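Structural features, examined
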Amino acid sequence: MQKIAWLSDIHLNFLTRQELEQFTQKLSGFDADSFLIGGDIGEGPSVSEYLSYLESQLKRPIFFVLGNHDFYHSSFKQVYVEIYKLVANSKYLKWLPKVGIVELSSNTCLIGHGCWGDGRYGDFFNSKLEVMDTWLIKDFAHMDKTRLSHKLHELGDEAGGFFQFHFLEALQHYKKVLVLTHVSPFIESAWYRGHTSDDDALPYFACKAAGDVFRKITRDYPDRNITLLCGHTHSPGEVHIYDNLLVKTAGAKYGKPEVQEILVVKNKNNG
Ligand SMILES: [Fe+2]
Ligand SMILES: [Fe+2]
């Protein structure tokens, strides 16, 4: 049996040095064999440093995906280059889009990708929502809405492509699959302020390309058990998309990072 602590949207850049140390000390004391971090760890210039610091203090595997804030004040390319370098030289940091399928026990595996609000749910062109991503991520600078929609589709498709391959393979080989994302792949789990997101927010709060892949593949594997963990909207909720596909969305508050849940993974023989 192993215990995994799930965190999401910890936004460590909102903490003072002292708060960061206290939080990490608290994490260290958790009875957990490993940690899952579902993105929005810091911002572009700080995310690698925070991950390094967590690794040095926790000294246990840290499986993670990146969220939109992890690219703020930087670009996709710059952050990816830094994260690649970081994980290549790290013992415990496991960037899920890079590692693919992680076996947790003989019947359970873990996969993950940050996903991205891909502009396909809700009403993108009439949405009044002003998202910081478009000002703070260099790749989006000066894009009009048409170009932005193409870029969001591209980011969604990348996540969809990842899951098309890895989710299918995971279901073929494991009875239970744990999936970690940052953005919800479904409208139903894109909770926002206690309700599911409206047409203004949905283009940015859910990733349809990934959701379509999960729906299509899950239908062919009714005997498998899938738990998907996401975050991004900071509003907690739980929903069954299918009987065998449960989605948990993390709650979060800036400056108050916390463990969402300790997940218990049992071996085949004891359930
Ligand atoms: Fe967040
Ligand atoms: Fe986010």
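As a reminder, the structure under discussion sits directly above these lines.
Here goes a summary of the coordinates provided.

Scoring rules and cut-offs
- Residues numbered from 1 in each chain as written.
- Chains lettered and ligands numbered in written order.
- Predicted model: local features only at pLDDT ≥ 70, side-chain atom pairs only at ≥ 80, totals over all residues.
- Core = buried A, V, L, I, M, F, W, Y, C linked by C-beta atoms within 7 Å.
- Buried ≥ 20, exposed ≤ 12 C-beta atoms within 10 Å, placed from the backbone.
- Helix = DSSP H or I, 4+ residues; strand = E, 2+ residues; numbered from the N terminus.
- Contact = placed C-beta atoms within 7 Å.
- Pairing = 2+ DSSP bridges.
- Axes fitted to C-alpha atoms, helices over the stretch in contact; angles between N-to-C directions.

Here's the deal with the nonpolar core
Within the largest apolar cluster, 70 residues are counted, with the highest numbers of intra-cluster contacts made by Leu36, Phe64 and Val177. The greatest single-element share of this core, amounting to 8 residues, is contributed by helix H6 (residues 145-173). If sequence neighbours within four positions are ignored, valine 177 has contacts with Cys109, Ile111, Ala170, Leu171, Arg224 and Ile226.

Re the sheet that holds strand E10 (residues 225-230)
Overall, mixed pairing links the 6 strands, which are arranged E5-E6-E7-E10-E12-E11 in an open sheet. The open sheet is flanked by strand E5 (102-105) and strand E11 (237-242), the only strands paired with a single partner. The sheet shows a mean angle of 20 degrees between the axes of neighbouring strands, taken without regard to direction. The sheet contact formed by E10 and strand E12 (residues 245-249) spans 5 bridges and is parallel. Bridging from a neighbouring strand, leucine 229 pairs with lysine 248 of E12. Lying over the sheet, H6 contacts strand E6 (108-112) and strand E7 (176-180), oriented at roughly 175 degrees with respect to E6.

Concerning the sheet that holds strand E1 (residues 2-7)
Across the sheet, which stays open at both edges, the 5 strands sit in the order E4-E3-E2-E1-E13 with mixed pairing between neighbours. Across the chains shown, the open sheet's two edge strands, defined by having one partner strand only, are strand E4 (93-95) and strand E13 (259-265). Averaged over all neighbouring strand pairs, the angle between strand axes comes to 25 degrees, with direction disregarded. In terms of strand pairing, E1 meets strand E2 (residues 34-38) through 4 bridges, oriented parallel. Paired with alanine 5 across the bridge in E2 is phenylalanine 35.

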